[in-house]
Every structure is written in structure tokens, then in C-alpha cells.
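Reading the structure
Chain by chain, the residues run as shown.
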Amino acid sequence: MKRIGVLTSGGDSPGMNAAIRAVVRGALYHDMEVFGIERGYEGLIAGEIYEMDRRSVSDIIQRGGTILKTARSEAFMQDEGFAMALNMIDSFQIEGLIIIGGNGSLTGALRLAEAGVKVIGLPGTIDNDLPFTDFTIGFDTAVNTVLGAVGNIRDTSHSHERTTIIEVMGRECGDIAIYAGLTGGAEIILIPEQEVDMQAVCRRLIEGKNSGKRSSIIIKAEGVNISSEDLEHTIRERTGLDTKMVILGYIQRGGSPTARDRMIASLLGYEAVKLLSEGIGNKAVGIHDGSVVSFDLAEAMRMENTTILELGTLAEILSK
Ligand code: F6P
């Protein structure tokens, strides 16, 4: 394979740039030409495709976001847009494509693979909702960002003797909430994978108060089936505790990637290039027990997500 392309798609995540760097420099090491495709599938359809060299990826390993830009493409889901994307791949004689993104983006990658394009999918999302990898690129940074926020909120929560609900991202996955909740010492963690038991939540807050706790932190994943406003209202009504909620939002998606995210991004980016250089496509590349693993893309996208519920239980035991 002599010419490959790389794009980032969907919500950006810290470490995408480190992955792009690994792809570009890895490709050049393997004597391949590498093209950056801007704005994900939108840019692919529009032909926003530029050759990259070593210097195109200088000074980006430490930067959040993605230098290639990203988008969620409606057009790519339609037959006409998809056909345009295939035409562009053909026109630019791109023989292999590396797609860095989350669930929706890799589902798009699978469609390209089924149309005969040699595609490698890399897990780039803060959500950690891709079952073929223990960790997605960006998850660790997002958890650390949440942790910083929890620390700050804990200070004011303590001073005002308050219960604070902190809503975190993650779509239908509770991993950000569980990891940040356990490591941030949250009293209660609410995730979409478990039904919210309002009686238990209120009882626990009151038991905490009776045992001498003056403030509590609740980490709630955005996918939980009750809004943070309603939760705040219900807790205040049922317990009489001073309760406030805060939605952390996009601060979770930015920032300089942690060492762990840069490491995963570098390993996976290089592996993707290596596979393409051997003529192998249609793979999803991830990390399992510290080693790089790859799966058939269709098989990877069929895998079921498993939540580490024991971590939630442990968080509860340790924060009593
Ligand atoms: O998938 C990453 C993510 O940040 C989710 O956690 C969140 O639900 C979503 O993207 C927000 O997307 P948008 O950028 O379209 O608002």
C-alpha cells in the first residue's frame, strides 16, 4: 500500500492529535504517502484532502482537539453522500483509510469496509463505550478533568455543607462517572446501566449526614434517565438538604492529553499504519490488558459493552 488517508470524526477527544502524529510519522517510516482528510466524513465528501509530511504534525502531541477538525456528518449517512465519499477515495487513489472516532464514526467505517475500502478503525472518544478496547483515546484525560472539577466543587460543597450533583458526559455509558466517582470519592454514582433508586439515594444521603458528613458529592452520568434539575429538586424536597447541580459539559472534551492517552494513541496509531502497510484492512484496533489488539471491524462493532459495576460498589463502600 502506497497512499493512505486519515480522518477524525464525531466528538473530538484529547489524544486524537497524538494518534494523527503516530499515523503520519508511522506511514512515512513505512514509505507510504499520507493524506489528512479534514472535518471527518464531511471533508471526505467535499474532497478536503491534503498531503501531510513530518512537519504537519510537529508540536501537536500535547494538544487537545484535532488538527484535522471533526464533524458529525448527516450527508455521509445518505446514499448520495456515501457515494461521493467513495468517489473521493477513488479520485485521490487512497488505498487505505484510518478513521479515528467513536461509535457512530466506526459504524461509518464499517460501511466503507463493506463497500470494499481497506479501513482501520481507532477508538477516539471520551465516552469509553467501545467494547473492543479496554480504553478509548481521550477517556483518561476526560476522567482527570472531571476529577479536577470534583476537587474544586468539593471545596465549596464542604464550606456550604451542601450536596452537589455533578453531571458528566458519556452518552449511554457510565464509565466516566464510575472512574471519576471512585477516584474522586463521590458518595453516590448514578449511571445509565443501573436503574436509579431514589429511596436509596435519599436514605444514603441522610445516613451520611447522621454519621457526621457535612457535604456529599453525587456523580451522575448524562445518560441517566432523570435530568439533573429534576434530581436536584427531588433530593431537596425529600431530604431537606441544600442541594445544587452542575453540568460539566464540554470542558471534559478539551485539554492536554494525559500520558496514558498519548501512549494509547501512539501505540494504536502506529499499529493501524503497520496493518495497512501489510495490506491488511477492515480491523478495529484497541488495547487490552496493556497490549495492542485488533479485531475484524464487523465483529468489533457487534461486541457488547460491559460496565464494571464492581467499581461502583467499591466506590460506595469506600465513601461511607
Ligand atoms: O461522544 C462524545 C460526547 O462528548 C458525548 O459524551 C456527548 O453526549 C456528546 O459527545 C456531545 O456531542 P455534541 O458535540 O454533538 O454536543
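From a predicted model like this one, the values you see are computed outputs, not experimental measurements. (Residues numbered from 1 in each chain as written. Predicted model: local features only at pLDDT ≥ 70, side-chain atom pairs only at ≥ 80, totals over all residues. Heavy atoms only, no water.)

**Some points on the site of the ligand**
In the region of the ligand, the neighbouring residues are Arg-72, Thr-125, Ile-126, Asp-127, Met-169, Gly-170, Arg-171, Glu-222, Tyr-250 and Arg-253. Residue Arg-171 places a side-chain N or O atom 3.4 Å away from an oxygen atom belonging to the ligand. Protein burial of the ligand: of its 400 Å² of free accessible surface, 76% is covered by the chains. More than half of the atoms of the ligand fall within 2 Å of the grid points belonging to the largest pocket. (Near = heavy atom within 4 Å. Polar contact = N/O pair within 3.5 Å; in protein donor to acceptor, adjacent residues only side chain to side chain. Areas by Shrake-Rupley, 256 points an atom, 1.4 Å probe, with all protein chains shown as cover. 1 Å grid on protein atoms, 1.4 Å probe; cavity = no way out; pocket = protein on both sides within 12 Å on 5 of 7 lines; lining within 4 Å. Sits in = over half its atoms within 2 Å of the grid points.)

**Re the nonpolar core**
Here is a general trend for soluble globular proteins: nonpolar side chains tend to be buried in one another's company. If you look at the biggest cluster of nonpolar residues, it comprises 69 residues, and the most contacted ones within it are Ile-4, Val-34 and Ile-98. Ranked by residues supplied to this core, first place goes to helix 1 (residues 16-29) with eight residues. Here this core spans two domains, and each of domain 1 (3-138 + 257-302) and domain 2 (141-253) adds at least three residues to it. The contact partners of Val-34, leaving out residues within four places of it in the chain, are Ile-4, Val-6, Val-23, Val-24, Ala-27, Leu-28, Tyr-50, Glu-51 and Met-52. With 27 residues, the next largest nonpolar core counts Leu-7, Ile-37, Ala-109 and Leu-297 among its residues. (Core = buried A, V, L, I, M, F, W, Y, C linked by side-chain atoms within 4.5 Å. Buried < 20%, exposed > 50% of the residue type's maximum accessible area, 1.4 Å probe, protein only. Helix = DSSP H or I, 4+ residues; strand = E, 2+ residues; numbered from the N terminus. Domains from an automatic or database assignment. Contact = heavy atoms within 4.5 Å.)

**So, the domain arrangement of the chain**
When the domains of the chain are assigned, the result is domain 1 (3-138 + 257-302) and domain 2 (141-253). Domain 1 puts 14 residues into the contact, and the matching count from domain 2 is twelve residues. Summing both sides of the interface, domain 1 and domain 2 together bury roughly 1100 Å²; the carbon and sulfur share of this comes to 49%. For the pair domain 1 and domain 2, the interface holds two salt bridges. A salt bridge links Asp-127 to Arg-171, with the nearest nitrogen and oxygen atoms 3.7 Å apart. Applying the counting rule to domain 1 against domain 2 returns six residue pairs in polar contact (both at pLDDT 80 or more). Broken down by class, the residue content of the side of domain 1 that touches domain 2 amounts to four nonpolar, five polar and five charged. (Buried area = accessible area lost by both parts, 1.4 Å probe. Salt bridge = Lys/Arg side-chain N within 4 Å of Asp/Glu carboxyl O. Nonpolar A, V, L, I, M, F, W, Y, C, P; charged D, E, K, R; others polar.)

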